[in-house]
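Summary of structural features
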Amino acid sequence: QVQLVETGGGLVQAGGSLRLSCAASGNIFRINDMGWYRQAPGQQRELVAAITRYGNTNYADSVKGRFTISSDNAKNTVYLQMNSLKPEDTAVYFCNANVRVLPSGREYNYWGQGTQVTVSS
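Attention in this report is confined to the structure presented alongside it. Just so it is clear, the structure is predicted and the values come from calculations on it, not from any experiment.

Helices and strands together make up the secondary structure of the chain, namely zero helices and 11 strands. Secondary structure elements of the chain occur, N-terminal to C-terminal, as β-β-β-β-β-β-β-β-β-β-β. On the principal axes, the C-alpha backbone points of the chain span a range of 50 × 25 × 20 Å. Buried residues in the chain amount to 41% of all 121 residues. Pairs at least 24 apart in sequence give 55% of the contacts found in the chain among residues at least 6 apart. For the chain, the exposed surface amounts to about 6400 Å²; the carbon and sulfur share of it is 46%. For the chain, the distance from the average site of its 11 positive side-chain charges to the average site of its 8 negative ones is 6 Å.

Moving on to the state of the cysteines. One pass over the structure, following the stated rule, counts one disulfide. Paired by a disulfide, Cys22 and Cys95 hold their sulfur atoms 2.1 Å apart. For the disulfide bridge between Cys22 and Cys95, the dihedral angle about the S-S bond is near -85°, and by the sign convention the bridge is left-handed. With Cys22 in strand E3 (residues 18-26) and Cys95 in strand E9 (residues 91-101), this residue pair connects regions lying 73 residues apart in the sequence.

As enumerated under the stated definition, the model contains four salt bridges in all. For the salt bridge of Asp89 with Arg66, the shortest nitrogen-to-oxygen distance reads 2.8 Å. With Asp89 in the loop between strand E8 (77-82) and E9 and Arg66 in the loop between strand E6 (57-59) and strand E7 (67-72), this pair connects stretches of sequence that are 23 residues apart. Put simply, Arg38, Glu46, Arg66 and Asp89 are held in one network by salt bridges that share partners.

Rules behind the numbers
Sequence positions are assigned chain by chain, starting from 1 and proceeding in written order. The predicted nature of this model means local features are confined to residues of pLDDT at least 70 and side-chain atom pairs, given and counted, to a pLDDT of 80 or more, with totals for whole chains, interfaces and linings taken over all residues. Excluded from the side-chain calculation are hydrogens and water; included are all heavy atoms of the structure. Helix and strand labels come from DSSP, where a helix needs a run of H or I of at least four residues and a strand needs a run of E of at least two; each type is numbered from the N terminus. Buried residues are those whose accessible area, probed at 1.4 Å on protein chains only, stays under 20% of the maximum for their type, while exposed residues exceed 50% and partly exposed ones sit between those limits. For this analysis, residues touch if any pair of their heavy atoms sits within 4.5 Å. Residue-level accessible areas treat just the shown protein chains as cover; the underlying method is Shrake-Rupley with a 1.4 Å probe. His is not counted, nor are the chain ends; Lys and Arg add positive charge and Asp and Glu add negative charge. Charge positions are represented by NZ for Lys, CZ for Arg, CG for Asp and CD for Glu. We call a pair of cysteine sulfur atoms a disulfide whenever their separation is within 2.5 Å. A side-chain nitrogen of Lys or Arg and a carboxyl oxygen of Asp or Glu constitute a salt bridge if their distance falls within 4 Å.

Rendered as structure tokens:
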């Protein structure tokens, strides 16, 4: 089994910054990619940003230039630096990872429990 634990959410004023972290643990052989999704009330979960183990990144248009995703492969951890936050960024942010597990080497997809980010106007 693999667990993803997110930290760093909270309440911030518009224009402020937050940094989210997600640490993976368990029977990990290799993490192929990790990402952040978010879900606002009444809306579908959407991709915010993703990063491969080789450092290739992908961002939603709505966060380009404001959010930065990074990772530490040695620590099995992914980060999301969120700057210039807007009220519309308010959502529960979920960590996601595609992980090759021990001992099979098969790849599975995992989700964290989510962390609330609230941006006040």
